[in-house]
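# Understanding the architecture of this molecule
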Amino acid sequence: MCDNTYVKGVRVLPGSQTENGKAFEYACLSAIHAALHLNETVIIEDSPQLRTASNYFNNMSETAQNELIRAANAAVRVIVRLEPQMQYPETNVPLYISIQTDAQGIAGDVRDVLCVRRQNHWQIGLSCKHNHHAVKHSRLSDTIDFGLEWFGIPCSEQYFSEVVPLFSELRRIRDNARNNDSPELWSTIPDKADRFYVPILTSFLDELNRLTQTHPEVPSLLVCYLLGRFDFYKVTTDTQHETTRVEAINIAGTLNRPSGNHRSIVDVSRLHLPTRFYHTGFKQNSNNTIEVVCDVGWTISMRIHNASSRVEPSLKFDVTLISLPNSIHAQVEPW
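## Some words on the sheet that holds strand β4 (residues 95-99)
In space, the 7 strands of this open sheet follow the order β3-β4-β5-β6-β8-β9-β14, with mixed pairing throughout. If you trace the sheet from one side to the other, it starts and ends with β3 (42-44) and β14 (329-334), each paired once. Across the sheet, the axes of successive neighbouring strands diverge by a mean angle of 20°, strand direction being ignored. Against the sheet, helix α3 (residues 62-82) engages β6 (122-130), β8 (232-238), β9 (243-249) and β14, with an angle of about 140° to β14.

## Let's talk about the packing of helix α1 (residues 17-36) against helix α2 (residues 48-58)
Interaxial distance between α1 and α2 falls to 8 Å at its minimum, and their mutual angle equals 105°. Put simply, α1 runs roughly perpendicular to α2. Side by side, α1 and α2 meet where Glu19, Lys22, Ala23, Tyr26, Ala27 and Leu29 of the first sit next to Leu50, Ala53, Ser54, Tyr56 and Phe57 of the second. In terms of residue class, the contact of α1 with α2 is built from 8 nonpolar, 1 polar and 2 charged.

## Observations regarding the pattern of salt bridges
Scanning the entire structure with this criterion turns up 15 salt bridges. Asp318 serves as the salt-bridge partner of Arg303, at 2.7 Å between the closest nitrogen and oxygen. Here the residue Arg303 occupies a position in strand β12 (residues 299-305), and Asp318 occupies one in strand β13 (residues 314-323), the gap between them amounting to 15 residues. The class of Arg303 is partly exposed, set by a relative accessible area of 32%. Looking at Asp318, the relative accessible area reads 17%, which means it is buried.

## So, the packing of helix α7 (residues 157-179) against helix α8 (residues 192-214)
Running from N to C, α7 and α8 cross one another at 155°; their axes reach a closest spacing of 9 Å. Relative to α8, α7 is oriented roughly antiparallel. Note on packing geometry: the crossing formed by α7 with α8 is left-handed. Where α7 approaches α8, its residues Gln158, Tyr159, Glu162, Val163, Leu166, Phe167, Glu169, Leu170 and Ile173 are matched on the opposing element by Arg195, Phe196, Pro199, Ile200, Ser203, Phe204, Glu207 and Arg210. For the contact of α7 with α8, a count of residues per class yields 10 nonpolar, 2 polar and 5 charged.

## Some words on the packing of aromatic side chains
Counted under the stated rule, the structure contains 13 aromatic pairs. Centre to centre, the rings of Phe146 and Trp150 are 5.4 Å apart; their planes meet at 65°, and the pair counts as edge-to-face. Placement of the pair is Phe146 and Trp150 together in helix α6 (residues 146-151), with a separation of 4 residues, close to one helical turn. When its relative accessible area of 6% is taken as the criterion, Trp150 is described as buried. Centre to centre, the rings of Trp150 and Phe151 are 6.0 Å apart; their planes meet at 85°, and the pair counts as edge-to-face. With a relative accessible area of 9%, Phe151 lands in the buried category. Cluster of aromatic residues (ring-pair linked, three or more members): Phe146, Trp150, Phe151, Tyr159, Phe160, Phe204, Tyr225 and Phe317. The aromatic ring of Phe230 is capped on one face by Arg111, whose charged end is 4.2 Å from the ring centroid. In this structure, Arg118 packs its charged tip against the face of Tyr96, placed 3.8 Å from the ring centre.

Criteria and cut-off values
Residues numbered from 1 in each chain as written. Predicted model: local features only at pLDDT ≥ 70, side-chain atom pairs only at ≥ 80, totals over all residues. Heavy atoms only, no water. Pairing = 2+ DSSP bridges. Helix = DSSP H or I, 4+ residues; strand = E, 2+ residues; numbered from the N terminus. Axes fitted to C-alpha atoms, helices over the stretch in contact; angles between N-to-C directions. Contact = heavy atoms within 4.5 Å. Parallel < 35°, antiparallel > 145°, perpendicular 65-115°, else oblique. Nonpolar A, V, L, I, M, F, W, Y, C, P; charged D, E, K, R; others polar. Salt bridge = Lys/Arg side-chain N within 4 Å of Asp/Glu carboxyl O. Buried < 20%, exposed > 50% of the residue type's maximum accessible area, 1.4 Å probe, protein only. Left-handed = near helix turned anticlockwise from the far one by under 90°. Phe/Tyr/Trp six-rings, centres within 6.5 Å; stacked < 30°, edge-to-face > 60°. Lys NZ or Arg CZ within 6 Å of the ring centre and 35° of its normal.

See the structure below:
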């Protein structure tokens, strides 16, 4: 039986994206331990999420496991070169490594694998992506004030007056189906994009621009919300080309710090946050995806969709950064 399949020419591992992603987190944690434990004390912190990731990894075929380990080793080679405190701990031992809960991402910490030296409060994190580049998943509904949740700035009454009837209609469709003991499926709703996606996204864009007019810090707050509250290394596998891409998301300047007299031979620049929106609108020929183009090189793609086959009174965003500032430190490592 073949261990790999191909989707649009790209080799993917069997199993769901969630399972592969969790397995890759475990591979990255294991690669860090393998790279460092012979020269210093490295403690893997046990947790339910570690055991879950380990189970996903161990249930894969040996071929699939080896592929993930090779991809993870490539990432660790890059990160160790950029982070002197991983190789030169001085007296700051042991190094604790762990896998974070998904709840941390909801709370604004998108790091999956965490490396911590508690003696000097140093830490770095990895956001591990297996063959995808999405950064955050957020929802819209008639009860979610995205302005307040994302930026600390409440949305206007006009926004809610536009979206509440749309989500209320979805709730009625769901409840009527439940009363008939036959859940309504999105696939049975005609013109769902024109009826729901387009008007909801239009109201979202209008509100985003309204908030920006009164609060010019919204462009920077949007990027901060999407990327989380902490600096991190974004690690993305590309199984088709057998490479791993490492991007240093260094907004607060906590990455690439020296350890005593030891410095990285490469300086990782701090990223500048955007200060304005150049363009907000629908992606060309799309009725479910919008693009937000900012200054200093940030461009954000936001695709809205129903997260479940069943109709629910909420919709979910898949958000992807399709361009970042030229100052970002990014390296592609073959494996």
